[in-house]
Amino acid sequence: MHTFTVDYSKDRPDPRTWVNRGYFAHSLPRLIPLCQLFGHKPVVDGYDSNYGTRDRARWVACDRCGVRPEPQGVLDADTWQLGQPYTGPFNPGQPMSPTVRKQLAARGHDAGIRQPGAWPARPEGAIGCQLVIGRSPTLGFGFKVGNAGSEHVLSAHIGLGPLGALYVHTECFGTFLQRRLNPTGFHSRVVDLSFHHGRVWWSLWARRNEHRAKDPRWMSGNANINPAHYLLGPRTNTVLDRTEKTPATVHLLDGTQHAVTVRMEKWQQCRPRGRRKTFWAVDWDCPTGIPIRNHAWKGYETYGGHFPAPDGLTDADGWAEEAARLVAESCMRSRDRYGYRAPAA
Ligand SMILES: [Zn+2]
């Protein structure tokens, strides 16, 4: 067994997150008492394409514990059906070195290289988790049952919003459940309940990352959870008035200047049985972008935004420069939130 931890808070510093750390344990022995007593129960495992293509694969796994021989074998998909007991040969001479394998294949001698090898004497698995204490991006809970090809066989999470979150996954552990609940196909299944954007979102044994038109309605969906939505009716937001886009300059505390355009918008918010509320908002654009965070793949710039403006701003002369000052404040707040560090010159 070997263990290690990873400190994610270094990549994403956030003063409201005190701990953001991953804990991993690899090469953990798997306890499989039934298979140790009675031997493994080989079946044909693999997948078929959903799209009618020839993308199919077959290999051997134990029906009970999910352990695969090493190597798992490359079987003919026309001969072997998914889930069928495997009665074909094993080649315990495997695994052989890739060089030997290549030399044999070059002589036209397959030496059983497509057959499954020997069962591992001491099957192993891994467990990992990520613990967040303090602000976390999720509110909700759920679990995933992987498919035959998943690296993470089982995973689960609970997110408590500002309090923290815990994510756990297994590798190899839990294949018994995966083989009972989701043996074929290459879609993992999820059960999940989460809360965001004023709505509750659910998935009940839904395919992960895929929705099909013929899926039953209960399988996944979302609903508004704001009581006002039901008491007063759905909220509508309308723009009643807006100024022209006006050029202005944003001066940041680090001495940089950014050319932007600002515009004021008068919004009306109302519900059919509620009061009307009007307010002004600043809408701004910066085509060249203003750096606010350090993020490897999202990039680090913001190109515009929208936020409520103080009362009376539009009446004053020089409102555009005042709006640009508010944009600067908003950018500085974002930099604080993301723990922005200016790149070295
Ligand atoms: Zn087994």
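Now for a description of the structure that goes with this document.

Moving on, we get to the pattern of salt bridges. With the rule as written, the count across this model stands at 16 salt bridges. Across the pair Asp78 and Arg56 runs a salt bridge, and its minimum N-O distance is 2.5 Å. Pair noted here: Asp78 is in the loop between β4 (57–62) and α2 (98–106) and Arg56 is in the loop between β3 (42–47) and β4, with a separation of 22 residues, a long-range link. Here Arg56 falls in the partly exposed class, since its relative accessible area comes to 28%. When the shortest N-O distance is used, the salt bridge between Lys245 and Asp285 registers 3.1 Å.

Tracing the backbone shows Gln269 in strand β14 (residues 257–270). Only 3.4 Å separates the side chain of Gln269 from the side chain of Asn237, close enough to count as a polar contact. If we ignore the near neighbours within four places in the chain, the residues touching Gln269 are Arg235, Thr236, Asn237, Arg275, Arg276, Lys277 and Phe279.

Time to look at the packing of aromatic side chains. In this structure the tally under the stated criterion is 5 aromatic pairs. For the ring pair Phe90 and Trp119, a centre distance of 5.8 Å and an interplane angle of 40 degrees mean the geometry is tilted. Remark: Trp119 occurs in the loop between α2 and β5 (124–134) and Phe90 occurs in the loop between β4 and α2; sequence separation between them is 29 residues. According to the relative accessible area criterion, Phe90 is partly exposed, its value standing at 29%. Note on Trp119: relative accessible area 25%, which makes it partly exposed.

What follows concerns a nonpolar patch on the surface. Together, Ile127, Phe141, Ile158, Leu160, Leu163, Leu166 and Val168 give the surface a local cluster of nonpolar side chains, amounting to about 590 Å² of exposed area. The set of elements that each furnish at least two residues to the nonpolar patch consists of β7 (154–160) and β8 (164–171). By secondary structure assignment, the location of Ile127 is in strand β5. Accessibility expressed as a relative area gives 37% for Ile127, which makes it partly exposed.

Rules of the game
Residues numbered from 1 in each chain as written. Predicted model: local features only at pLDDT ≥ 70, side-chain atom pairs only at ≥ 80, totals over all residues. Heavy atoms only, no water. Salt bridge = Lys/Arg side-chain N within 4 Å of Asp/Glu carboxyl O. Helix = DSSP H or I, 4+ residues; strand = E, 2+ residues; numbered from the N terminus. Buried < 20%, exposed > 50% of the residue type's maximum accessible area, 1.4 Å probe, protein only. Polar contact = N/O pair within 3.5 Å; in protein donor to acceptor, adjacent residues only side chain to side chain. Contact = heavy atoms within 4.5 Å. Phe/Tyr/Trp six-rings, centres within 6.5 Å; stacked < 30°, edge-to-face > 60°. Patch = residues over 30% accessible without salt bridge, like charges linked within 9 Å, V, L, I, M, F, W, Y side chains within 5 Å. Areas by Shrake-Rupley, 256 points an atom, 1.4 Å probe, with all protein chains shown as cover.

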